[in-house]
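Overview (structure and organization)
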Amino acid sequence: MEDYAARFDDLFFSLAQRRGFREYLTGLLAPRERNKTITCLAGAEPVAGAGTAGVQRLQFFLSESPWEAEQVNDRRLELLREQSATAPHDGGVIVIDDSGDRKDGTATAHVGRQWLGRYGKTDNGIVTVTTVWTDGRVYYPLHAAPYTPAHHFTRSRSDPDFRTKPQLAAALAARGKEAGFGCRAVVADCAYSVSDDWYLALREAGLAYVVALKPHRGTWAPADQPHTPIEAAHSLAWRDARHPGDWMPVERHFRDGHTETWWAADARLGGYGPDSPCRLVVATTDPGSLPEKATWYLATSLPHPDTPHAATGPHPPAGLAEIVHLYGLRPWIEQSYKQIKDELGLLGPVVRPTGTPGCHRAGPMPRRRAREGDQPNPTSPNSPAGPGPYGPSGPGSPPPSPSPGGGEPGRTQTHPQSSRP
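Let me sum up the structure you'll find in this document. The residue numbers shown here count from 1 along each chain, following its written sequence. Reporting in this predicted model follows two pLDDT cut-offs: at least 70 for local features of residues, and 80 or more for side-chain atom pairs to be given and counted; totals over whole chains, interfaces and linings ignore these cut-offs and use all residues. For side-chain calculations, the full set of non-hydrogen atoms in the structure is used, while hydrogens and water are omitted.

**Digging into the environment of V138**
- Mapping V138 onto the fold places it in the loop between strand 3 (121-134) and strand 4 (139-147).
- Only protein chains enter the accessibility calculation, which uses a 1.4 Å probe. A residue is then buried if its area is under 20% of the maximum for its type, exposed if over 50%, and partly exposed in between. A residue is classified by how much of its surface remains accessible, and V138, at 18% relative accessible area, is buried.
- Residues V138 and P88 lie 50 residues apart in sequence; the distance between their C-alpha atoms is 9.5 Å.
- Any pair of residues with heavy atoms lying within 4.5 Å of one another is described as a contacting pair. Once residues within four sequence positions are removed from consideration, V138 is found in contact with A85 and W133. Numbering of helices and strands runs from the N terminus; a helix is a DSSP stretch of H or I covering at least four residues, while a strand is a stretch of E covering at least two.

**With respect to the packing of helix 6 (residues 165-178) against helix 7 (residues 196-204)**
- Each axis is a line fitted through C-alpha atoms, taken for helices only over the stretch in contact, and angles between the N-to-C directions span 0 to 180 degrees. Viewed as axis vectors pointing N to C, helix 6 and helix 7 meet at an angle of 10 degrees, and their least axial separation amounts to 8 Å. In terms of axis orientation, helix 6 runs roughly parallel to helix 7. The chirality of how helix 6 crosses helix 7 is right-handed. Of helix 7, the residues touching helix 6 (which contributes P166, Q167, A169, A170 and A173) are D197, W198, A201 and L202.
- Three classes are used: nonpolar for Ala, Val, Leu, Ile, Met, Phe, Trp, Tyr, Cys and Pro, charged for Asp, Glu, Lys and Arg, and polar for all others, with Gly counted as polar. Looking at the contact of helix 6 with helix 7, its residues break down into 7 nonpolar, 1 polar and 1 charged. When an angle is under 35 degrees it counts as roughly parallel; over 145 it counts as roughly antiparallel; between 65 and 115 it counts as roughly perpendicular; any other value is oblique. Crossing handedness follows the turn of the near helix against the far one: under a right angle anticlockwise gives a left-handed crossing, and clockwise gives a right-handed one.

**Structural notes on the pairing of strand 10 (residues 295-300)**
- Of all the 6 residues making up strand 10, 6 are buried; the element is thus mostly covered by neighbouring parts of the structure.
- Here strand 10 shows no split at all, with T295, Y297 and A299 on one side and W296, L298 and T300 on the other all buried.
- Paired strands, as defined in this entry, are two strands with at least two bridges between them according to DSSP. Bridge analysis of strand 6 (residues 209-212) against strand 10 gives 3 bridges, and the strand direction is antiparallel. Bridge pairing in strand 10 links V210 to T300.

**Some thoughts on the pairing of strand 7 (residues 248-253)**
- Pairing geometry for strand 7 and strand 8 (residues 259-267), over 6 bridges, is antiparallel. Its bridge partner being in strand 8, R252 is matched across the sheet by E260.
- Connecting strand 7 to the next strand, strand 8, in antiparallel fashion are 5 residues, including G257 with a positive phi near 100 degrees.

**Here's the deal with the packing of aromatic side chains**
- Pairing of aromatic side chains requires ring centres within 6.5 Å, counting the rings of Phe and Tyr and the six-membered ring of Trp. Pairs whose planes differ by under 30 degrees are stacked, by over 60 edge-to-face, and all others tilted. For the structure on display, the rule yields 17 aromatic pairs.
- Geometrically, the ring pair formed by Y192 and W198 is tilted, given 6.3 Å between the ring centres and 35 degrees between the ring planes. Accessibility assignment for this pair places Y192 and W198 in one class, buried.
- Connected via pairs of aromatic rings, a cluster forms that spans Y4, F8, F12, F21, F61 and W67.
- Note on geometry: a ring has a charge over it if NZ (lysine) or CZ (arginine) is within 6 Å of the ring centre and within 35 degrees of the ring normal. Taking the ring centre of Y147 as reference, the NZ or CZ of K165 above it sits at 5.4 Å.
- The residue whose ring lies beneath R252 is W262, and the NZ or CZ to ring-centre distance is 4.8 Å.

**So, the side chain of H110**
- Its location among the elements puts H110 in the loop between strand 1 (93-102) and strand 2 (112-116).
- Residue class for H110 comes out buried when judged on its relative accessible area of 3%.
- Only 2.8 Å separates the side chain of H110 from the side chain of T148, close enough to count as a polar contact. Any N or O atom pair separated by 3.5 Å or less is treated as a polar contact, with the protein-specific requirement of one donor-capable and one acceptor-capable atom, and with residues adjacent in sequence counted only for side-chain atom pairs.

**Observations regarding the environment of S289**
- Counting through the fold element by element, S289 comes out in the loop between strand 9 (279-284) and strand 10.
- Residues S289 and H234, 55 residues apart in the sequence, show an inter-C-alpha distance of 8.7 Å.
- Polar side-chain contacts of S289 include one of 2.7 Å to the side chain of D286.

**Re the environment of A212**
- Position of A212 among the secondary structure elements: in strand 6.
- In this structure A212 comes out as buried when scored by relative accessible area, which is 0%.
- C-alpha separation for the pair A212 and T300, spaced 88 residues apart in sequence, amounts to 8.8 Å.

**Side note on helix 5 (residues 69-82)**
- Helix length check: helix 5 (14 residues) gives 20 Å between terminal C-alpha atoms against 20 Å at 1.5 Å per residue, within 8%.
- Regarding helix 5, the residues found buried are A69, V72, N73, R75, L77, L79 and L80.
- Taken together, the buried residues of helix 5 touch helix 1 (2-6), helix 2 (15-29) and strand 4. In this analysis, the expected span of each helix is defined as 1.5 Å times one less than the number of residues it contains.

Note that every value here comes from positions in space, so none of it alone points to a role or purpose.
Okay, structure coming up:
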């Protein structure tokens, strides 16, 4: 650990900061039977030990000492790139997600009443957008950015400094690529499939995407054609495993060694199609019933291998098996920030405001003071390399549909009920 910590010494200005950094790392790595609050990280007695010198010293290092959190994170990523076991490659994915936690009061930066996905409701709290790089073998967090609700800005959502969560996510994905973490695609759940800015930012950054769509989100189409992703899936031919029709078997491999046979197919819906710039891929365990928790509806910019533009497009073509595999890596983000937060009782890089939205003091700070004796949220002891039989979940607006003329997905409109088939 000393060899590792020494690689960060030039980022700190004093011996006290370097010692604080080592104490913090030691506290994070040391086994503990309780949430790692400041007192726990410093090895002090719960509650009663909060005023001891070691706890106060560590608290000052985390919240007051003038070191740059971004520089420390950049150095961490640099060390990951140097190691052959963790070096990124173009076959991995950058996974995007946001994580929210309750927060009392309004004094902390970025606090507001907003949707908190982990609780499934709107509440007062903080939401952080995060990115993770993984290839199914290793995974590690890249960057994080707190979302600032519109009421923190003078002109609300019209303020030029306001950024939505999809905008923050696209910027983080592009930042990860610029930092040397190439990927096959950016993977996200349905919460990010509704933003035109998200698609456009990824295209400008030269990044492909595989994003989930909500199954019942309607889009404009002729009356005799499907209007939702689930209707498009039901229109595909299927009889049984011996007569699959439009479906193709896909073998999925899980971390515990077992495999499952899923079925995947290219569907057509509005501007989506295997010969369009944006494909609609449906993956499920049962094409006949399309079970809700074991069916994915995926939009992707990776071209079909048989399309004319596959050889000339910006991204290499991808078969159905690869697309299912790429989206199956999405739950790896659940094994990074969220589990770390539950284990440590801390949250990401939230900092104190200086009076201007978007302008904050550098340096990480605990976002949640876990009560002594709190138990961490349970995590799955047998997490697969993908969601297994569980479909994408989480809040978010419904998916966009591609424009009829092709190109990137545009804004969606619900098809009039009277003209549905």
